Amino acid sequence: MSNLNLKEMRKKIYQTYFSDGIWDIVLGMVYLIFGLGVLITQDIWYLFPILITLPLALKRSVSEPRVGTLQFKKSQKTRLLLLYFLFTFLVLGFVLFLGIINPSGDTLIRWLTVNLFFIIGLIIAVILGLVGWLFNFNRLYFYAIINLVGFALVGKITTVGVILTIIGFIITIFGLIVLRNFMKYHPKLDLSENDGVGLQ
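An account of the accompanying structure is given in this report. (Residues numbered from 1 in each chain as written. Predicted model: local features only at pLDDT ≥ 70, side-chain atom pairs only at ≥ 80, totals over all residues. Heavy atoms only, no water.)

Here's the deal with the packing of aromatic side chains
Formally: A pair of Phe, Tyr and Trp rings is counted when the ring centres sit within 6.5 Å of each other, with Trp represented by its six-membered ring. The angle between the planes then sorts it: under 30 degrees is stacked, over 60 is edge-to-face, the rest tilted. Helix and strand assignments come from DSSP, with helices taken as H or I runs of at least 4 residues and strands as E runs of at least 2, each series counted from the N terminus. Here's how the labels work: a residue is buried when its accessible area is under 20% of the maximum for its type, exposed when over 50%, partly exposed in between, all with a 1.4 Å probe on protein chains only.
This model, assessed by the stated rule, comprises three aromatic pairs. Seen in terms of ring centroids, Phe142 and Phe174 are 5.2 Å apart; in terms of plane orientation they differ by 45°. Their pairing is tilted. Of this pair, Phe142 sits in helix H7 (residues 139-153) while Phe174 is found in helix H8 (residues 160-185), placing the two residues 32 residues apart along the sequence. Since its relative accessible area comes to 35%, Phe142 is described here as partly exposed. Residues Tyr143 and Phe174 carry aromatic rings whose centres are separated by 6.4 Å and whose planes lie at 80° to one another, so their mutual orientation is edge-to-face. Of the two residues, Tyr143 sits in helix H7 while Phe174 sits in helix H8, which places them 31 residues apart along the sequence. A residue is classified by how much of its surface remains accessible, and Phe174, at 36% relative accessible area, is partly exposed.

Structure below.
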């Protein structure tokens, strides 16, 4: 089988894996947790362990009986981890950089400080775009755009808590719609002999 056919097969498998909307819902809930936490000024970090187990539970109960399983190889897991650490490093590094430099001493630093949320939104959008490109998860491109637009509006029309909540609500609704359509058009299969699909 040629490399082109393998790439096309991998692309279709990834598209099938993300066609259930579960990761959309999880992403939306992450925004909602941050947004509502800011709005009600409460520490709700305890919800994240539940959020981590949610996609695994939904995949096993909803997706696997319909399309089987996709087991990521170590190379793909490594890429995801690298993207996660890159995102963390960029955001925290940027904030710390502005924190130790006098914003009023340089025009560029002053601009970066004033547009802090826009820069953070841009970094998040780039990461979402990279993950979308890496795994053929095309809806992430749309989420990257609304993320960037939302963060650009922070402080101009409303607060960051409201923006994060709105973004989370939009993404979660999209995910629920995708999940509903997935369950409608993918009946359960007999996967008793299916050991899953692995990709490099």
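Brief notes about helix H6 (residues 116-134)
Because each turn of an α-helix spans 3.6 residues, side chains separated by three or four positions in sequence point in the same direction. Short version of the rule: What a helix should span is 1.5 Å times the count of its residues minus one.
Taking 1.5 Å of rise per residue, 19 residues should cover 27 Å, and H6 covers 27 Å from first to last C-alpha, within 8% of that figure. Of all the positions in H6, only Ile119, Ile120, Gly121, Ile123, Ile124, Ala125, Ile127, Leu128, Gly129, Val131, Gly132 and Leu134 are classed as buried. Where H6 ends, the next residue or the one after it, Asn136, has phi of about 55°, a positive value.

What about the nonpolar core?
Our working definition: Remark: nonpolar core denotes a set of buried residues (Ala, Val, Leu, Ile, Met, Phe, Trp, Tyr, Cys) joined through side-chain atoms within 4.5 Å. It only takes one pair of heavy atoms within 4.5 Å for two residues to be counted as in contact.
Judged by nonpolar contacts, the single largest core of 24 residues is most densely connected at Leu27, Tyr31, Leu128, Leu140 and Ile171. Listed by contribution, the elements that provide at least two residues to this core are helix H2 (22-39), H6, H7 and H8. When residues in this core are grouped by element, the largest group, seven residues, is from H6. Beyond its immediate chain neighbours, meaning those up to four positions away, Ile171 contacts Asp24, Leu27, Gly28, Tyr31, Tyr143 and Ile146. Counting five residues, the second largest nonpolar core, distinct from the first, contains Ile25, Val62, Leu179 and Phe182.

Points about the pattern of salt bridges
Counted only if it meets this: Each salt bridge in this description consists of a side-chain nitrogen of Lys or Arg and a carboxyl oxygen of Asp or Glu lying within 4 Å of one another.
Counted according to the given criterion, the structure contains one salt bridge. With its nearest N and O atoms 2.6 Å apart, the salt bridge here joins Arg139 to Asp24. Here Arg139, found in helix H7, pairs with Asp24, found in helix H2; they are 115 residues apart in sequence, far enough to count as distant. Relative accessible area serves as the criterion here: at 1%, Asp24 is assigned to the buried category.

Thoughts on the packing of H6 against H7
Spelled out, the test is: Here an angle of 0 to 180 degrees is reported between the N-to-C directions of two axes, which are lines fitted to C-alpha atoms, with helices fitted over the stretch in contact. For classification, angles of less than 35 degrees are called roughly parallel, those exceeding 145 degrees roughly antiparallel, those between 65 and 115 degrees roughly perpendicular, and all remaining angles oblique. Three classes are used, and their members are as follows: Ala, Val, Leu, Ile, Met, Phe, Trp, Tyr, Cys and Pro are nonpolar, Asp, Glu, Lys and Arg are charged, and the others, Gly among them, are polar.
The interhelical angle for the contact between H6 and H7, taken along N-to-C directions, is 180°, at an axis separation of 8 Å. Viewed along their axes, H6 and H7 adopt a mutual orientation that is roughly antiparallel. Together, Phe117, Phe118, Ile120, Gly121, Leu122, Ile124, Ala125, Leu128, Gly129, Val131, Gly132 and Trp133 of H6 and Leu140, Tyr141, Tyr143, Ala144, Asn147, Leu148, Phe151 and Ala152 of H7 make up the contact between the two elements. Of the residues in the contact of H6 with H7, the class split is 16 nonpolar, four polar and no charged.

Looking at the side chain of Thr165
Looking at the element boundaries, Thr165 is found in helix H8. Taking relative accessible area as the criterion, Thr165 reaches 17% and is therefore assigned buried.

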